[in-house]
Amino acid sequence: MNTKCELRWTELGEVRRVVLREAISLLGRDHDCTLLLRDTTVSRHHALIRRVGSTWHIEDKSHNGLKVNGEKIRAEELRDGDELSLGSQTLYVCITSSDESRTTILARPPSEPRPKLDSSQFHTVHVPNFRKKLSTTVSCELFFEVNEVIQSARDLTEMLDGVLGLLFESLPADRGIVALTEPGGGLVQRLSRTRVKQSSSAEVLLPPSTIMEIAIDERRAVLIPDALRTLPTDSVIDQGVNTALCAPLITDEDVHGIIYLDTTGQVELRPKHLERLAAVAVLSSAGIRQMRLRDEMDRQRRAFDRFSSYLPPTFIDLVERGVIVLSDEMELREAEVSVLFADLVGSTELFERLGPVEAGRLINRVFDRLSEEIWREDGTLDKYVGDELVAFFGAPVPQSDHADRAVRAGIALQAAIGEVSTGNSSDPPLSLRIGIQSGAVVVGDIGSVRYRDYTVVGDTVNTAKRLQVQCASSGELVIGGATRERLRDRFDFSELGHIELRGREESCEAFVVLGRLTEGGAG
């Protein structure tokens, strides 16, 4: 997989970013650096970032030290979301696949107020008022052109490209972008173009944050005629912006994003161009909203199709009713869960006697029956590995009683396995060995770019597996001390004491669950 590394930081009130294009990039305040940082606490040659295959590595080259996520390091592999500290300068790392086309261009940090502009130095059109008189100010031809773009577009990118294409046909702009709002409140670039071509995903245009904030906060299309004099920020100076236009994409009270255009040569954008941009923004906003809603529905359907095979029916019902929102890319997060491992005892000899086809049919019957008991307690089926079932309780939806659910499910599994037969009366009854442990895990999509699985990892998972393998005999359910501490229901136990588990330095308290106690105390 090819990846790109982008660094983001704040400088003089502007959110800045750079995509590293070279195999080796030097960071510092010397003019020969790939990334020049204007900060006296940064060394002349402070750090070096090197691309190694699809990974990115950083090395400290300074006398002042380099920190990654608050820890001082000499060399380390970079990961998406890392925080770099070079002197008093903080940079954030964004590593994505190289075909990733979304780049945050406005984080809108609340602690950084935008510069005040003299209203005589720029022109605006209040978009909500402009929309009310749209039918009398916009030609029928423009209505038809925008509608044709919306109706013919197969996806959102094609629609945005068509909208920018219309603007480049009628306005003397050199560059343009469309950025859409994200749930976190920032603006994410979805498409950029220059007059000669659509830009690649790595070519990020950086509109002045001030003009974008006016467009969003005041619902105004904005024209800044002399940007270098009126708004001499770093991004304006570095990119040589002459005149700039920006209009919000709004429907009713909702802001969906912005369209930004500018010129970098002698040609200027004028007030008549401002009205043209405002009209296109108004006409295309509804189409963009509808396309985004359609994309979100498609994303939810993909997530539903993916998760429906191992989430309990009660969760699926909540997803269908919109109570639970799933993502087809479930981000990694920490969670408190109970993990259950159940292994079919004596399966090797049994499967050898049955043959592969009959063995496959039997294991399907076993897993069908066992899955019912996992789902009865609203558990998540993690995976089937050979003759082993792995499940967890407490994610993706948190459950305060996940330990009770796991133990109740374990007891039910032991009862359910007795209902499944090989069909041969001479075969011994099927039985399970079950191990359960509770605690913190990392849960989410884990795996390669081509194949990922929604699963859990961590010491809790390893301990549950060891309890099943080392401590549980045929027909037994063994739980760790952490699970017993979390139980609210009353169960009968037999204490195994502290067990030394392979691969763990500390011993683990273990208990055999004998059954669930009734109110009267009897099992």
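Quick caveat: nothing in here was measured; it's all calculated off a predicted structure. (Residues numbered from 1 in each chain as written. Predicted model: local features only at pLDDT ≥ 70, side-chain atom pairs only at ≥ 80, totals over all residues. Heavy atoms only, no water.)

## Things to note about the overall build of the chain
The number of helices and strands found in the chain is 14 helices and 26 strands. A separation of at least 24 residues holds for 63% of the contacts in the chain among residues at least 6 apart in sequence. When the accessible surface of the chain is summed, it comes to about 25200 Å², and 48% of that surface belongs to carbon and sulfur atoms. (Helix = DSSP H or I, 4+ residues; strand = E, 2+ residues; numbered from the N terminus. Contact = heavy atoms within 4.5 Å. Areas by Shrake-Rupley, 256 points an atom, 1.4 Å probe, with all protein chains shown as cover.)

## Thoughts on the packing of helix α10 (residues 347-354) against helix α11 (residues 356-376)
Relative orientation of the contacting elements α10 and α11 amounts to 130°, with a least axis distance of 7 Å. When the axes of α10 and α11 are compared, the pair comes out oblique. In contact with Leu 350, Phe 351 and Leu 354 of α10, α11 contributes Glu 358, Ala 359, Leu 362 and Ile 363. When the residues that make up the contact of α10 with α11 are grouped by side-chain class, the tally is 6 nonpolar, no polar and 1 charged. (Axes fitted to C-alpha atoms, helices over the stretch in contact; angles between N-to-C directions. Parallel < 35°, antiparallel > 145°, perpendicular 65-115°, else oblique. Nonpolar A, V, L, I, M, F, W, Y, C, P; charged D, E, K, R; others polar.)

## A few points about the pairing of strand β20 (residues 380-385)
With 5 bridges joining them, β20 and strand β21 (residues 388-393) adopt antiparallel strand pairing. Bridged to Tyr 384 within β21 is Leu 389. Counted along the chain from β20 to the antiparallel partner β21, the turn is 2 residues long, and its residue Gly 386 has a positive phi close to 60°. (Pairing = 2+ DSSP bridges.)

## A short note on the environment of Glu 388
Note on placement: Glu 388 falls in strand β21. By relative accessible area, Glu 388 is classed as buried at 8%. Sequence separation between Glu 388 and Phe 367 is 21 residues; the distance between their C-alpha atoms is 9.0 Å. With residues up to four places along the chain from it excluded, the contact list for Glu 388 reads Phe 341, Ala 342, Asp 343, Phe 367, Lys 383, Lys 465 and Gln 468. (Buried < 20%, exposed > 50% of the residue type's maximum accessible area, 1.4 Å probe, protein only.)

## Here's the deal with the pairing of strand β16 (residues 220-224)
Across the 5 residues of β16, 4 count as buried, placing the element largely inside the fold. Strand direction decides the pairing type here: strand β13 (residues 123-126) and β16, joined by 4 bridges, are antiparallel. Paired with His 123 across the bridge in β16 is Leu 223. Pairing between β16 and strand β17 (residues 243-251): 3 bridges, direction antiparallel. Paired with Ile 224 across the two strands is Ala 244, which belongs to β17.

## Details of the nonpolar core
Grouped together as the largest cluster of nonpolar side chains are 61 residues, with contacts concentrated most on Leu 167, Ile 258, Ile 259 and Leu 261. Of all the elements, helix α8 (residues 271-307) adds the most residues to this core, at 10 residues. With near-sequence residues (within four places) excluded, Ile 259 lies in contact with Val 163, Leu 164, Leu 167, Ile 177, Val 178, Leu 245, Cys 246, Ala 247, Leu 249, Leu 277, Ala 281 and Ser 284. By size, the runner-up hydrophobic cluster in this structure holds 33 residues, among which are Leu 340, Phe 367, Ile 417 and Leu 432. (Core = buried A, V, L, I, M, F, W, Y, C linked by side-chain atoms within 4.5 Å.)

## A short note on the sheet that holds strand β6 (residues 55-60)
Taken in spatial order, the 5 strands of this open sheet run β4-β3-β5-β6-β9, and their pairing is mixed. Pairing within the sheet leaves two strands with one partner each, and these edge strands are β4 (35-36) and β9 (75-77).

## Describing the pattern of salt bridges
Within this structure, the stated rule accounts for 26 salt bridges. Between Arg 79 and Glu 77 there is a salt bridge, with the nearest N and O atoms lying 3.8 Å from each other. On the accessibility criterion, Arg 79 (53% relative accessible area) is exposed. Three or more residues joined by partner-sharing salt bridges are found here, namely Arg 369, Glu 372, Glu 373, Arg 376 and Glu 419. (Salt bridge = Lys/Arg side-chain N within 4 Å of Asp/Glu carboxyl O.)

## So, unusual backbone geometry
In this model, Ala 395 is joined to Pro 396 through a cis peptide bond whose omega is 5°. With respect to the helices, strands and loops of the structure, Pro 396 is situated in the loop between β21 and α12 (402-417). Phi is positive for Arg 219, which is not a glycine, with a value near 55°. Within the element layout of this structure, Arg 219 appears in the loop between α5 (209-218) and β16. The phi torsion at Asp 378 lies on the positive side, around 60°, for a residue other than glycine. Looking at the element boundaries, Asp 378 is found in the loop between α11 and β20. Residue class for Asp 378 comes out buried when judged on its relative accessible area of 16%.

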